[in-house]
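Structural features, examined
Now for the letters of each chain:
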Amino acid sequence: MSERRVGLWLIGAFGGVATTVALGLAALRRGLIDPISLVTALPLFEPLQLDAPAQFVIGGHDVRRTSYRQSLRDFQERSNVFEPALVEGCLADLDACAENVRPGTVLQTGDTIGRMADLPEAQQAETARAAIERIQDDLLAFRAGHRLDQVVVLNVASTEPPFELTAVHASRDRLLEALERRQEVPLPASALYAWAALDLGWPYVNFTPSLGASFPAIGEHAQERGAVYGGKDGKTGETLLKSVLAPMFAARNIRILSWVGHNIFGNRDGLVLDDPHNKASKIRTKDQVISQIVGYKPQTHVSIEYIESLDDWKTAWDFIHFRGFLGVKMSMQFTWQGCDSLLAAPLVIDLARLALHAQRRGEVGVMRHLACFFKSPMGVEEHDFFRQFAMLEQYARAGSAAV
């Protein structure tokens, strides 16, 4: 396995999550940190012989004129999360990664993301087909230039507004026709990236609530191309706790009356979600977990607010009102605070390793065994974290037996 080289292509390459992924892989490669928070570092996954950090080469698309050095400076000044010595020891690796980043596209991403894009190439008017071909040219050049055995494309870009699907998106043939038309762009950027990757037969994972690969026509296309894909919306903080706590209430037959979750954070993702259109996509994935787990619909409320001074320190306060024995009403409250990008980055590495493994095994279609990583897991209705993780354990054990 040590001779293999694999690529991790990140959409939103200079964002907080992608920057933390790049730094984390470099630090792991140099032996500067241990693999804490990596699910795939658990003994369960060792027999799968997943790709090691030293085997990864990072590239990606972004719409902003910046660099990993600048992103890290912003982190240290605003959130104070990285040790200066750790960053200094990895700068050469990060500079090399930055050379692999290419201009992305803001087609159908909404006004807020569009205003952030300061690369002329990202703003250019082009057809959906032209955008896909440009993305694929970048992907193929990355693979050839670094002599990579495999490449996985992973979306960690800012959240797009909800995209309404039509009959065109229900059929691969209809969508292929629509992609050739000049007068319309039938897909948002997240789905253009997904189509570009899956059309090449490469793995694609959507870590965001954006559309990505979650519509029927692209599922047909992935099957045709023999590609694996998964998503969506990484489960890192408050929703992770919901998916852990709600099963406790269900198992003890305690009736949840209401569950209120208030989220505040101040990074670029928070700024984008301050736009009500973009926020709608996020709330849609966050506010479905509890009722699915307990089997009824308590009153729920989810709020997301941009508080600039918090920077990357996402904070959530949840209030759970429930009824117990003899009808007595009680409550539970918790506060969760975590550095958003550091919670997400190890999961991104996990997903990249597992997606590359799935492709090597010849799997095709949705990677349902990855459900425990997502708020809105594709192909899976189960939201109980422990049952989701059991699916991943079963997959790993079956894979270990096959090795």
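For the structure itself, look to the data block above.
So, how was this worked out
- For every chain, the first residue of the written sequence is number 1, and numbering continues from 1 onward in sequence order.
- Local features in a predicted model are, by the rule used here, given only for residues with pLDDT of at least 70; side-chain atom pairs are given and counted only at 80 or more, and totals for whole chains, interfaces and linings are based on all residues.
- To obtain the side-chain values, all non-hydrogen atoms of the structure were used and water was disregarded.
- Segments assigned H or I by DSSP are reported as helices when at least four residues long, segments assigned E as strands when at least two residues long, and all are numbered from the N terminus.
- We compute the radius of gyration over the C-alpha atoms and compare it with the globule rule, which gives 2.2 Å times the number of residues raised to the power 0.38.
- Buried means the residue's accessible area, taken with a 1.4 Å probe over protein chains only, is under 20% of the maximum for its type, while exposed means over 50%, and partly exposed covers the values in between.
- In this analysis, two residues are considered to be in contact whenever any of their non-hydrogen atoms come within 4.5 Å of each other.
- Per-residue and other accessible areas were derived by the Shrake-Rupley procedure at a 1.4 Å probe size, with only the shown protein chains allowed to occlude residues.
- For this count, His and the chain ends are skipped, Lys and Arg are scored as positive, and Asp and Glu as negative.
- Where a charge sits is defined by one atom per residue type, namely NZ (Lys), CZ (Arg), CG (Asp) or CD (Glu).
- Whenever two N or O atoms come within 3.5 Å, that pair is a polar contact, provided that in protein one can donate a hydrogen and the other can accept it, and provided that, for residues adjacent in sequence, both atoms are side-chain atoms.
- Two kinds of site are reported from a 1 Å grid over the protein atoms alone, namely cavities, where a 1.4 Å probe fits but cannot get out, and pockets, open sets with protein on both sides within 12 Å along at least five of seven lines, and residues are called lining when an atom falls within 4 Å of a point.
- Grid points are joined across faces, edges and corners, and a volume is the space filled by probe spheres set on the points.
- Gly counts as polar in this scheme, as do all residues outside two lists: the nonpolar Ala, Val, Leu, Ile, Met, Phe, Trp, Tyr, Cys and Pro, and the charged Asp, Glu, Lys and Arg.
- Any pair of Phe, Tyr and Trp rings, taking the six-membered ring for Trp, is counted once the centres come within 6.5 Å. Such a pair is stacked with planes under 30 degrees apart, edge-to-face with planes over 60 apart, and tilted for the rest.
- Distance and angle both matter: a charge sits over a ring if NZ of Lys or CZ of Arg is within 6 Å of the ring centre and within 35 degrees of the ring normal.
- Working definition of a nonpolar core: buried Ala, Val, Leu, Ile, Met, Phe, Trp, Tyr and Cys residues. They are joined through side-chain atoms within 4.5 Å.
- By definition, two strands form a pair when at least two bridges between them are found by DSSP.
- Only C-alpha atoms enter the line fits that serve as axes; for helices the fit covers just the stretch in contact. Angles between N-to-C directions range over 0 to 180 degrees.
- For this document, the term salt bridge refers to a Lys or Arg side-chain nitrogen within 4 Å of an Asp or Glu carboxyl oxygen.

What the protein contains, in helices and strands, is 15 helices and 11 strands. Over its C-alpha trace the protein gives a radius of gyration of 21 Å, about what one expects of a compact globule, namely 22 Å for 403 residues. With the C-alpha coordinates of the protein rotated into their principal frame, the extents come out at 70 × 50 × 50 Å. By residue count, 58% of the 403 residues in the protein fall in the buried class. Here the analysis covers contacts within the protein between residues at least 6 apart in sequence; of these, 78% occur between residues at least 24 apart. Accessible surface, the protein as shown: approximately 17,000 Å² in total, 51% of it carbon and sulfur. Looking at the protein, you have 41 positive and 47 negative side-chain charges, and the mean spots of the two groups are 4 Å apart.

A few words on the side chain of Asp340. Residue placement: Asp340 occurs in helix 14 (residues 340-360). With a relative accessible area of 8%, Asp340 lands in the buried category. Those residues in contact with Asp340, other than ones at most four positions away along the chain, are Thr236, Asn267, Asp269, Asp312 and Lys314.

Moving on to the side chain of Asn155. By secondary structure assignment, the location of Asn155 is in strand 4 (residues 150-155). Since its relative accessible area comes to 2%, Asn155 is described here as buried. Engagement of the side chain of Asn155 in a polar contact is seen with the side chain of Thr208, the distance being 3.4 Å.

Attention now moves to the layout of surface pockets. Empty space left among the atoms is revealed by rolling a probe the size of a water molecule over them. Of the voids in this model, the second largest pocket is the one considered here, and its volume is about 670 Å³. The wall of the second largest pocket is formed by 31 residues, among which Ile36, Ser37, Leu38, Leu342 and Pro346 lie closest to the centre. When residues of the lining of the second largest pocket are traced back to their parent elements, those giving at least two are helix 1 (16-29), helix 14 and helix 15 (385-402). Residues of the lining of the second largest pocket, tallied by class, amount to 25 nonpolar, four polar and two charged.

Applying the stated criterion to the full structure yields nine aromatic pairs. Over the face of the ring belonging to Tyr296 we find Arg255, whose NZ or CZ atom lies 3.6 Å from the ring centre. We note Lys314 situated over the ring of Phe265; from NZ or CZ to the ring centre the distance is 4.8 Å.

Grouped together as the largest cluster of nonpolar side chains are 61 residues, with contacts concentrated most on Leu8, Val21, Leu154 and Phe373. Those elements that place two or more of their residues in this core are strand 1 (6-11), helix 1, strand 2 (56-62), helix 2 (68-78), helix 3 (84-98), strand 4, helix 14 and helix 15. If one sorts the elements of this core by residue count, helix 14 sits on top with 11 residues. Listed in part, the 39 residues of the second largest apolar core include Val153, Ala178, Val185 and Ile218.

Time to look at the sheet that holds strand 6 (residues 228-231). The strand order across the open sheet built from seven strands is 3-2-1-4-5-6-11, with neighbouring strands paired in parallel fashion. Of all the strands in the sheet, the pair left with one neighbour each is strand 3 (101-103) and strand 11 (365-366). As paired strands, strand 1 and strand 2 are joined by six bridges and run parallel to one another. Its bridge partner being in strand 2, Leu10 is matched across the sheet by Gly60. Contacting strand 1 and strand 2, helix 1 runs over the sheet at an angle of about 165 degrees to strand 2.

Further remarks concern unusual backbone geometry. The residue after Gly231, namely Lys232, is reached through a cis peptide bond having omega 0 degrees. In this fold, Lys232 is placed in the loop between strand 6 and helix 10 (238-251). For Ser37, which is not glycine, the phi torsion reads 80 degrees and is therefore positive. Residue placement: Ser37 occurs in the loop between helix 1 and strand 2.

Right, let's get into the environment of Gly327. Turning to its location among the elements, Gly327 is positioned in the loop between strand 9 (313-323) and strand 10 (329-339). Here Gly327 falls in the partly exposed class, since its relative accessible area comes to 40%.

Ordered by their spatial adjacency, four strands build an open sheet running 8-7-9-10, and the pairing between neighbours is mixed. The sheet terminates laterally at strand 8 (299-306) and strand 10, the two strands that pair on one side only. Adjacent strand axes in the sheet meet at a mean angle of 10 degrees when their direction is disregarded. Summarising the sheet, strand 7 (residues 255-265) and strand 9 pair through nine bridges and their orientation is antiparallel. Among the inter-strand pairings, Trp259 is bridged to a residue of strand 9, identified as Ile320. Sitting on the sheet, helix 10 is in contact with strand 7, strand 8, strand 9 and strand 10, with an inclination near 170 degrees to strand 7.

Let's shift gears to the pattern of salt bridges. Taken as a whole and judged by the stated rule, the model has 16 salt bridges. Among the salt bridges present, the one from Arg30 reaches Asp93, with a minimum N-O distance of 2.9 Å. Taken together, the residues span a long stretch of sequence, with Arg30 in the loop between helix 1 and strand 2 and Asp93 in helix 3 at a distance of 63 residues. Its relative accessible area of 42% is what places Arg30 among the partly exposed residues. Judged by relative accessible area, Asp93 falls into the buried class, the value being 16%.

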